[in-house]
Amino acid sequence: MAQQCGHEGCKCEAREDGYCSDYCQKHGSHEGHVAHDCGCGHEGCH
């Protein structure tokens, strides 16, 4: 079963590192990161 991206606010399917994109990996892994609209740029993610 596909895992959802680890970045809060992102609805995309995660790759092996737990995030769907470099954008989400960079932003989602920051300590103290707060949820917001994702912005990964993938169609269908809002």
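Worth saying up front: this structure is predicted, and the values here are computed from it rather than measured. (Residues numbered from 1 in each chain as written. Predicted model: local features only at pLDDT ≥ 70, side-chain atom pairs only at ≥ 80, totals over all residues. Heavy atoms only, no water.)

Enquirer: Which parts of the structure should I look at to understand the environment of Arg15?
Expert: Along the chain, Arg15 falls in the segment before α1 (22–28). On the basis of relative accessibility, which here comes to 34%, the residue Arg15 falls in the partly exposed class. Beyond its immediate chain neighbours, meaning those up to four positions away, Arg15 contacts Cys20, Ser21, Asp22 and Gln25. Of note is the side chain of Arg15, whose polar atom sits 3.1 Å from the side chain of Asp17. Reaching out from Arg15, the side chain makes a polar contact with the side chain of Asp22 at a distance of 2.9 Å. (Helix = DSSP H or I, 4+ residues; strand = E, 2+ residues; numbered from the N terminus. Buried < 20%, exposed > 50% of the residue type's maximum accessible area, 1.4 Å probe, protein only. Contact = heavy atoms within 4.5 Å. Polar contact = N/O pair within 3.5 Å; in protein donor to acceptor, adjacent residues only side chain to side chain.)

Enquirer: I would appreciate a short explanation of the pattern of salt bridges in the present structure.
Expert: Should their charged atoms come close, side chains of opposite charge can pair. Evaluation of the coordinates by the stated rule reveals two salt bridges. Its salt-bridge partner being Arg15, residue Asp17 comes within 3.1 Å of it at the nearest N-O pair. For Asp17, a relative accessible area of 40% corresponds to the partly exposed category. One salt bridge in this structure joins Arg15 and Asp22, with 2.9 Å as the shortest N-O distance. What you see here is one network of salt bridges that share partners, running through Arg15, Asp17 and Asp22. (Salt bridge = Lys/Arg side-chain N within 4 Å of Asp/Glu carboxyl O.)

Enquirer: Would you mind going over the nonpolar core with me for this structure?
Expert: Proteins that are soluble and globular tend to have nonpolar side chains buried together. Counting residues in hydrophobic clusters, the biggest one holds nine residues: Cys5, Cys10, Cys12, Tyr19, Cys20, Cys24, Cys38, Cys40 and Cys45. If we ignore the near neighbours within four places in the chain, the residues touching Cys45 are Gly9, Cys10, Lys11, Cys12, Cys38 and Cys40. (Core = buried A, V, L, I, M, F, W, Y, C linked by side-chain atoms within 4.5 Å.)

Enquirer: Even after reading the chapter, I still don't get the side chain of Ser21, so can you show me in this structure?
Expert: Inspection of the secondary structure puts Ser21 in the segment before α1. If we skip the residues at most four places from it in the chain, Ser21 touches Arg15, Cys40 and His42.

Enquirer: Would you explain the state of the cysteines in this entry?
Expert: When the sulfur atoms of two cysteines share a covalent bond, that bond is a disulfide. Across all of its chains, the model carries zero disulfides by this definition. Here Cys10 is not cross-linked by a disulfide; its sulfur's nearest cysteine counterpart is in Cys38, at 3.7 Å. In this model Cys40 remains outside any disulfide bridge; the closest cysteine sulfur is found in Cys12, 3.9 Å from its own. (Disulfide = S-S within 2.5 Å.)

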